[in-house]
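# What the coordinates show
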Amino acid sequence: MASGNSFYITTPIFYVNDAPHIGHAYTEVAADVVARWHRQAGDDTWSLTGTDEHGEKILRTATANGTTPQKWADKLVTEAWKPLLETIDIQNDDFIRTTEERHESSVQLFLQRLYDDGYIYSGEYEALYCVGCEEFKPQSEIVNGTGPFEGQKVCAIHSKPLELLKEKNYFFRMSDFTERLLALYEERPDFVQPESARNEVIQFVRQGLSDLSISRSSFDWGVKVPWDDSHVVYVWFDALLNYITAVGYGQDEANFDRRWPATHIVGKDILRFHAVIWPAMLMAAGLEVPKQIFGHGWLLVGGEKMSKSKLTGIAPTEITDTFGSDAFRYYFLRAIAFGQDGSFSWEDLSARYQAELANGFGNLASRVVAMVTKYFDGVVPAPAEYTDVDLAIQEVVKKAADDADSSIDALAIHDALASIWTIVDELNGYITDSEPWALAKDPANAARLGTVLYTAVDGLRALAVLLSPVLPQATHKLWDALGAAEALGALVDQPIRDAGRFGQLPAGSTVSALQALFPRIEPAVA
Ligand SMILES: [Zn+2]
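Residues numbered from 1 in each chain as written. Predicted model: local features only at pLDDT ≥ 70, side-chain atom pairs only at ≥ 80, totals over all residues. Heavy atoms only, no water.

The name an unreviewed UniProt entry gives the protein chain is Methionine--tRNA ligase, with Mycetocola zhujimingii as the organism. Word for word, the UniProt comment on the protein chain under Subcellular location (unreviewed entry) is "Cytoplasm". (UniProt positions renumbered as here; feature names shortened; annotations may be inferred.)

Under the domain assignment, the protein chain is made up of domain 1 (6–116 + 175–307), domain 2 (120–172) and domain 3 (358–510). Taking only C-alpha atoms, the centre of domain 1 and the centre of domain 3 are 40 Å apart. Tallying the contact residues gives 14 residues for domain 1 and 21 residues for domain 3. Regarding the contact of domain 1 and domain 3, the summed buried area is about 1500 Å², with carbon and sulfur atoms giving 65% of it. Of all residues in domain 1, Val33, Trp37 and Gln40 bury the most surface against domain 3, accounting for 54% of the area lost on that side. If you look at where domain 1 meets domain 3, you find 1 salt bridge. A salt bridge links Arg497 to Asp43; the shortest N-O distance between them is 2.9 Å. There are 7 residue pairs in polar contact (both at pLDDT 80 or more) connecting domain 1 and domain 3. For the side of domain 1 that touches domain 3, the secondary-structure elements that each account for two or more residues are α1 (22–40), β15 (263–267) and β16 (292–296). With 7 residues, α1 is the largest single contributor of residues to the side of domain 1 that touches domain 3. The residue inventory of the side of domain 1 that touches domain 3, partitioned by class, reads 7 nonpolar, 4 polar and 3 charged. (Domains from an automatic or database assignment. Contact = heavy atoms within 4.5 Å. Buried area = accessible area lost by both parts, 1.4 Å probe. Salt bridge = Lys/Arg side-chain N within 4 Å of Asp/Glu carboxyl O. Polar contact = N/O pair within 3.5 Å; in protein donor to acceptor, adjacent residues only side chain to side chain. Helix = DSSP H or I, 4+ residues; strand = E, 2+ residues; numbered from the N terminus. Nonpolar A, V, L, I, M, F, W, Y, C, P; charged D, E, K, R; others polar.)

Further remarks concern empty space enclosed by the protein. Scanning the model with the defined rule gives 4 cavities of 30 Å³ or more in all. Taken as a whole, the largest cavity encloses approximately 60 Å³ of empty space. Together, Ile9, Thr10, Thr11, Glu28, Ala31, Asp32, Ala35, Ser47, Leu48, Thr49, Ile90 and Asn92 line the largest cavity. Residue assignment for the lining of the largest cavity shows that the elements contributing at least two residues are β1 (6–10), α1 and β3 (44–52). Per-element tally for the lining of the largest cavity: the top contributor is α1, with 4 residues. Per-class residue counts for the lining of the largest cavity are 5 nonpolar, 5 polar and 2 charged. If you add up the space inside the second largest cavity, you get close to 40 Å³. If you trace the second largest cavity, you find it lined by Gly55, Tyr129, Glu134, Arg216, Phe219, Val233, Tyr234 and Val235. Tallied by class, residues from the lining of the second largest cavity come to 5 nonpolar, 1 polar and 2 charged. (1 Å grid on protein atoms, 1.4 Å probe; cavity = no way out; pocket = protein on both sides within 12 Å on 5 of 7 lines; lining within 4 Å. Points joined across faces, edges and corners; volume = space filled by probe spheres on them.)

Now for the pairing of strand β5 (residues 120–130). The pairing of β5 with strand β9 (residues 163–172) spans 10 bridges and is classified as antiparallel. Counterpart to Tyr121 in the pairing with β9 is Phe171. Here β5 folds back onto strand β6 (residues 135–136), and the loop between the two strands holds 4 residues, one of which, Glu134, carries a positive phi near 55°. (Pairing = 2+ DSSP bridges.)

This part covers the coordination of the zinc ion. Coordination sphere of the zinc ion, protein contribution only: Cys130 (SG), Cys133 (SG), Cys155 (SG) and His158 (ND1), at 2.1 to 2.3 Å. For the zinc ion, the single-chain donor residues occur in sequence as C-x2-C-x21-C-x2-H. (Donors = N, O, S within 2.8 Å, 3.2 Å for Na, K, Ca; no water.)

Here we come to the sheet that holds strand β12 (residues 215–216). The strand order across the open sheet built from 3 strands is β12-β14-β13, with neighbouring strands paired in antiparallel fashion. Only two strands of the sheet have a single neighbouring strand rather than two, namely β12 and β13 (224–225). With 2 bridges connecting them, β13 and strand β14 (residues 228–233) associate as antiparallel partners. Bridge pairing in β14 places Lys224 opposite Val232.

This paragraph deals with helix α12 (residues 325–335). Of all 11 residues making up α12, 10 are buried, and the element is well covered by its neighbours. Taken together, the buried positions of α12 are Ser325, Asp326, Ala327, Phe328, Arg329, Tyr330, Tyr331, Phe332, Leu333 and Arg334. (Buried < 20%, exposed > 50% of the residue type's maximum accessible area, 1.4 Å probe, protein only.)

A negative phi holds for most residues other than glycine; trans holds for most peptide bonds. In this model, Gln193 is joined to Pro194 through a cis peptide bond whose omega is 0°. Between Trp260 and Pro261 the backbone carries a cis peptide bond, its omega angle lying at 10°. With respect to the helices and strands, Pro261 occurs in the loop between α9 (253–259) and β15. With phi around 65°, Asp89 is a residue other than glycine that occupies positive phi space. Looking at where Asp89 falls in the secondary structure, it is placed in the loop between α3 (69–87) and β4 (94–97). Its identity is not glycine, yet Asp377 carries a phi of approximately 55°, on the positive side. When its relative accessible area of 69% is taken as the criterion, Asp377 is described as exposed.

Let's shift gears to the side chain of Thr11. Of note, Thr11 is situated in the loop between β1 and β2 (14–15). A distance of 2.7 Å separates polar atoms of two side chains, one belonging to Thr11 and the other to Thr49.

So, on to the layout of surface pockets. Computed from the structure, the second largest pocket encloses a volume of approximately 230 Å³. Phe7, His38, Thr263, Lys291 and Asp409 are the residues nearest the centre of the second largest pocket, which is lined by 13 residues in total. At the level of secondary structure, the elements contributing two or more residues to the lining of the second largest pocket comprise β1 and α14 (388–409). A breakdown of the residues in the lining of the second largest pocket according to their chemical character gives 3 nonpolar, 5 polar and 5 charged. For the lining of the second largest pocket, the two domains that each supply at least three residues are domain 1 (6–116 + 175–307) and domain 3 (358–510).

Where β12 and β14 come together, 2 bridges link them in antiparallel fashion. Across the sheet, residue Arg216 finds its bridge partner in β14, namely Val232. Connecting β13 to the next strand, β14, in antiparallel fashion are 2 residues.

Right, here's the structure in full:
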């Protein structure tokens with residue numbers, strides 16, 4: 001394993017002051033599924049997540065809670081963010097915190113390099129600033145206040161009054177990069193995806209870029225500007241750098257060369273930071289730009305974007321406590337086209353759990369294992385001659401595996417799941433049509449019965465491999481019940497791009513009892 005191409009994928013780092021909600025979990029799960037897929041394909045995979053811990057707002061909250069910002073961040077990482085990753089079964093390779101020494105020292109190195117090369121200058125800045133966004137707001141995001149804020153300018157996102165700030169700042173010459181960025185979007189259409197996100201970014205950059213204020217001197221909770229320690233680095237400039245500091249920028253060049261560039265999965269609300277500022281920063285430093293920036297859509301609950309400030313935040317544990325982490329992972333990736341907005345509802349979650357996971361996949365697995373147990377004493381029969389219907393199933397499995405791999409490459413995770421699910425649906429139909437329970441009544445049909453059940457069992461083998469990135473718990477149970485661990489080795493070691501090759505599970509393997517993969521849930525709970 002891990003001898004293939006480098007594949008490095010990141011999520012945005014969590015803003016440590018937030019409360020985890022299903023929007024955070026959605027991004028994490030998507031990146032995790034793609035990472036697990038590549039890992040299981042033998043690619044040299046690295047997945048990164050972490051926390052963004054600097055900035056004025058964190059300082060203010062910590063002070064209000066009678067503690068230091070570092071202790072405040074430590075507490076939130078331990079009590080909120082790392083537990084979130086466990087709740088939804090994330091297998092990240094690294095977790096970076098922007099207050100770690102490895103990050104801070106490399107941020108300083110990066111900044112010094114840009115300063116030495118003339119990309120940073122000092123100037124005076126006066127503009128309307130939103131403490132919630134931690135940024136000076138562009139005209140397009142400044143609106144007139146209403147209600148208690150009548151007559152004031154407020155942030156379009158936070159609906160709270162903006163502060164007029166004037167200070168000496170260091171500026172990054174981002175305006176130098178307008179043409180180079182436009183050329184990049186043109187030459188590499190995949191650089192920003194999906195298409196709607198790409199178009200929005202191009203529109204924005206075509207208007208011309210302003211230089212970016214990248215330091216603050218009104219508070220000190222941040223990375224110190226190396227040549228002027230009365231300033232700290234603007235929190236976004238600091239945060240974006242996590243993607244390279246975590247893989248060794250400035251400290252371990254061999255590892256940096258091995259991992260970088262990355263695929264960044266981000267919510268579309270922070271697309272501009274990633275698709276405009278970030279590549280400009282990298283160009284200034286003479287580094288490669290990211291492989292791709294993919295902006296996924298918003299989760300809507302009752303038509304509103306999921307966030308704590310809108311009071312629609314749902315804690316992931318509210319879902320996993322009832323349905324389990326596998327169902328959480330499956331539901332959001334199956335129900336919502338990745339890249340588009342999607343609505344969450346308990347009714348839809350419940351319905352898909354029942355129809356697709358419990359009745360579709362779970363029931364298929366239990367029926368097949370039960371029939372092998374009943375008709376062949378638990379020993380997987382050898383197939384006799386394949387008929388057209390058996391060969392058709394083999395073809396379905398092969399096509400589903402190939403299509404799913406292409407879809408994962410394109411980050412069309414919903415399409416990958418839809419392809420894999422054709423195996424579930426076709427196998428269920430195959431068993432209904434082949435009627436193994438009828439074949440079992442006449443010993444003269446033993447060879448045919450063996451072929452049907454072998455076909456079904458090896459189809460389950462393929463499903464376990466293909467679904468293990470999405471449903472790690474259920475597929476491990478299934479793998480054990482099929483006796484596949486003994487015959488083929490650990491599930492995570494099965495090369496996923498080879499999963500569609502029929503007939504890998506040897507006849508003679510022994511199946512064992514399979515508990516319900518997706519137990520019935522009493523309707524009262526949801
Ligand atoms: Zn704001």
